[in-house]
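# Residue-level structural notes
Spelled out, the chains give:
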Amino acid sequence: MQFIKVVGILSLVAVCASAFINGTSLNNFTNGTSKDVLISQRSSIRRGYILNEDLGSYYKYQTTPNTWPNARGICESEGGHLVIINSEKEASFLLSLMGQHPASSLDRRVTTTDYIFIGFHDLFKDWEFVTVLDQTIEAAGYFDWVPGGANNAGGNEKCGSLWRNGGLNDITCNFLLTFVCEIPVNACDYD
Ligand SMILES: [Ca+2]
Ligand SMILES: [Ca+2]
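Residues numbered from 1 in each chain as written. Chains lettered and ligands numbered in written order. Predicted model: local features only at pLDDT ≥ 70, side-chain atom pairs only at ≥ 80, totals over all residues. Heavy atoms only, no water.

This paragraph deals with the overall build of the chain. Helix and strand counts for the chain stand at 6 helices and 8 strands. Moving toward the C terminus, one meets the helices and strands of the chain in the order α-α-α-β-β-α-β-α-β-β-α-β-β-β. Looking at the 191 residues of the chain, the share that counts as buried comes to 46%. Nonlocal contacts in the chain, meaning residues at least 24 apart in sequence, comprise 69% of its contacts between residues at least 6 apart. (Helix = DSSP H or I, 4+ residues; strand = E, 2+ residues; numbered from the N terminus. Buried < 20%, exposed > 50% of the residue type's maximum accessible area, 1.4 Å probe, protein only. Contact = heavy atoms within 4.5 Å.)

Protein coordination at the calcium ion (ligand 1): the donors are Ile 84 (O), Asn 86 (OD1), Glu 90 (OE), Glu 90 (OE), Glu 182 (OE) and Glu 182 (OE), at 2.3 to 2.7 Å from the metal. Between the donor residues of the calcium ion (ligand 1), the gaps in sequence give the motif I-x1-N-x3-E-x91-E. Side by side, Ile 84 and Glu 90 carry an identical accessibility label, which is buried. (Donors = N, O, S within 2.8 Å, 3.2 Å for Na, K, Ca; no water.)

The next point concerns the coordination of the calcium ion (ligand 2). Looking at the calcium ion (ligand 2), the protein donor atoms are Gly 149 (O), Asn 151 (OD1), Glu 157 (OE), Asn 169 (OD1), Asp 170 (O) and Asp 170 (OD), and they sit 2.2 to 2.5 Å from it. Geometry at the calcium ion (ligand 2) is irregular, judged from the 6 donor atoms that bind it and their angles of 66 to 148 degrees at the metal. For the calcium ion (ligand 2), the single-chain donor residues occur in sequence as G-x1-N-x5-E-x11-N-D. Linking Asn 151 in the loop between helix H6 (137-140) and strand E6 (159-163) with Asn 169 in strand E7 (residues 168-171), this pair joins segments that are 18 residues apart in sequence. Given a relative accessible area of 7%, Asn 169 falls into the buried group. (Tetrahedral: all angles 85-135°; square planar, octahedral: opposite > 155°, others 65-115°.)

This brings us to the environment of Thr 111. Relative to the helices and strands, Thr 111 resides in the loop between helix H5 (88-99) and strand E4 (115-121). Distance from Thr 111 to Asn 66, taken between C-alpha atoms, is 9.4 Å for residues 45 residues apart in sequence. Excluding residues that lie within four positions of it along the chain, Thr 111 makes contacts with Phe 175, Leu 176 and Leu 177. Within the structure, the side chain of Thr 111 is placed 2.7 Å from the backbone nitrogen of Leu 176, a separation counted as a polar contact. (Polar contact = N/O pair within 3.5 Å; in protein donor to acceptor, adjacent residues only side chain to side chain.)

Moving on: the confidence of the model for the chain. Atom-level detail of predicted coordinates should not be read off regions where pLDDT is low. The predicted model of the chain averages 82 in pLDDT, with 74% of residues at 70 or higher. In this model, residues 1-33 is a region of pLDDT below 50 whose contacts with residues beyond four sequence positions or in other chains number 33 contacts. (pLDDT = per-residue confidence, 0-100.)

Right, let's get into the environment of Ser 77. Here Ser 77 lies in helix H4 (residues 68-77). For Ser 77, the side chain forms a polar contact with the main-chain oxygen of Ile 74, separated by 2.7 Å.

Below you can see the structure in the form of C-alpha cells.
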C-alpha cells in the first residue's frame, strides 16, 4: 500500500508540474496576481471538474462505472483523490451532485444506482475505516453511516460508498459504481 501512496503523491506532483503555462509557474500567479486568475488557470487543466469555492475543492462526477481500486487510480491520475467527506456540508454537496445524476441516467453496467464510491476503506484492518489519504474517517470529519451500513456484509465489503439518500456504507470493492473525484484547490501545496 506504501507504493500506492507514493504513486498518489507523484501524480499530484505531475499535475502541479504540468501546471506550467507558457513557461510560467503557477507559483508566479500567487505573487501579486489574483486568486481568481490562479483558479481559472488551474481549472483549464482540470477539465470536467467544477469548483466549489466554499468547500475549497474541485469535484468531478465520473459517470463511467468502475471498481473501487480503478476509481481510486483514475482520480489520482487526474491529480486528485477519490472524494473524502470532511463535513456535513460536503456530504450535502455530494448528495446534490448525485441528484443531478439520477438513477435512470446512469450507465447500465453499474452494479447499483444507489451508491457512489468515495475515498475510504478498511482494507488494512477490518473495521478501521481510513481515507485514501490514510486518515481515520473520524479525523476526516464525517462518519455518519446508513442504518446498519458498516456491516461487512458477506465478509466482503472493504470499500467506501455514499448512499444516494445520505450516509456511508461499506460495499464490495469490485462492484462497478460511478464515483466522484476531488482535487483540493491547494493540491499543489501537498508535500
Ligand atoms: Ca473533501
Ligand atoms: Ca455494508
